[in-house]
Amino acid sequence: ETGVTQTPRHLVMGMTNKKSLKCEQHLGHNAMYWYKQSAKKPLELMFVYNFKEQTENNSVPSRFSPECPNSSHLFLHLHTLQPEDSALYLCASSQVGGTSGHTDTQYFGPGTRLTVL
Amino acid sequence: LAKTTQPISMDSYEGQEVNITCSHNNIATNDYITWYQQFPSQGPRFIIQGYKTKVTNEVASLFIPADRKSSTLSLPRVSLSDTAVYYCLVGGGGATNKLIFGTGTLLAVQP
């Protein structure tokens, strides 16, 4: 499936580096999400954007900085990360709203496997 | 947001039907029930979604009783490639599109 793409697929960075994760959705959706999945743990919602506006910040540390320039693109800027931030970072998108209610099915990208040294 | 409870793990054999039940006692009136499948190091994949009664698609069926306090995902004739974690979620209705993933059910299919 190529509806939601993420780059890079793998990233190794030092604690003093600055890097960015990119997500792009080709589904015409108006909501985008960042999730973190650490080893053996459930997905943790980090941020939600609806129509380019951030509507949810799930108490995420400021070393993670999201950016949503338009409804199709979502970035996660990383700086001064800690080793415990090593995880699979997943992006998702969904269609929100509609006259008959919405089902909010989220479509996920393949994820970026991040390792912080 | 409604909390869900599902078994941590299940075992099955190829060709069997597998039923995974999820409890969601606090489901809200306009919440939907959605199931996702996740393979290691991949993003979850939507399987099926329903509001009430029964929903069937090409890969699974979803049974929802009248009180909607539980739901059962039914996978017909599983194969080895169905080994994955299956998540039950409720939400998507109302003013928020926030979904909470639980620990899911690890289904292990044996030959």
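All figures in this text were calculated on a predicted structure; none of them were measured in a lab.

1. Examining the packing of aromatic side chains
And then number 1: For the structure on display, the rule yields seven aromatic pairs over all chains.
And then number 2: With a centroid separation of 5.8 Å and an interplanar angle of 35°, the aromatic rings of F64(A) and Y89(A) are classed as tilted. Of this pair, F64(A) sits in strand β7 (residues 64-70) while Y89(A) sits in strand β9 (residues 87-94), and the two are 25 residues apart along the sequence.
And then number 3: Of the residues examined, Y89(A) reaches a relative accessible area of 0% and is grouped as buried.
And then number 4: Measuring from ring centre to ring centre gives 6.2 Å for Y36(B) and F46(B), while their planes differ by 80°; the resulting arrangement is edge-to-face. Pair noted here: Y36(B) is in strand β3 (residues 32-38) and F46(B) is in strand β4 (residues 45-50), with a separation of ten residues, a long-range link.
And then number 5: Assessed through its relative accessible area of 24%, F46(B) is described here as partly exposed.
And then number 6: Through pairs of rings, three or more aromatic residues link up here, namely Y33(A), Y35(A), Y107(A), F108(A), Y36(B) and F46(B).
And then number 7: Its end group placed over the ring of Y51(B), R68(B) keeps NZ or CZ at 3.9 Å from the ring centre.

2. Examining the pairing of strand β5 (residues 44-50) of chain A
All names here are of chain A.
And then number 1: With six of seven residues buried, β5 lies mostly within the body of the structure.
And then number 2: Here strand β4 (residues 31-37) pairs with β5 via six bridges, running antiparallel. Paired with K36 across the strands is E44, a residue of β5.
And then number 3: A loop of six residues connects β4 with β5, the two strands running antiparallel in sequence, and K40 in this loop sits at a positive phi of about 60°.
And then number 4: Where β5 meets strand β6 (residues 53-57), four bridges bridge the pair, whose relative direction is antiparallel. Bridge assignment links Y49 to a residue of β6, and that residue is Q54.
And then number 5: The hairpin turn running from β5 into β6, its antiparallel successor, is two residues long, and F51 in that turn takes a positive phi close to 50°.

3. Considering the state of the cysteines
All names here are of chain A.
And then number 1: For the structure on display, the rule yields two disulfides over all chains.
And then number 2: Shown here is the disulfide that connects C23 with C91, its sulfur atoms set 1.9 Å apart. In this structure, the disulfide formed by C23 and C91 twists by about -75° around the S-S bond and is classed as left-handed. In this pair, C23 sits in strand β3 (residues 18-25) while C91 sits in strand β9, placing the two residues 68 residues apart along the sequence.

Basis of the calculations
Residues numbered from 1 in each chain as written. Chains lettered and ligands numbered in written order. Predicted model: local features only at pLDDT ≥ 70, side-chain atom pairs only at ≥ 80, totals over all residues. Heavy atoms only, no water. Phe/Tyr/Trp six-rings, centres within 6.5 Å; stacked < 30°, edge-to-face > 60°. Helix = DSSP H or I, 4+ residues; strand = E, 2+ residues; numbered from the N terminus. Buried < 20%, exposed > 50% of the residue type's maximum accessible area, 1.4 Å probe, protein only. Lys NZ or Arg CZ within 6 Å of the ring centre and 35° of its normal. Pairing = 2+ DSSP bridges. Disulfide = S-S within 2.5 Å.

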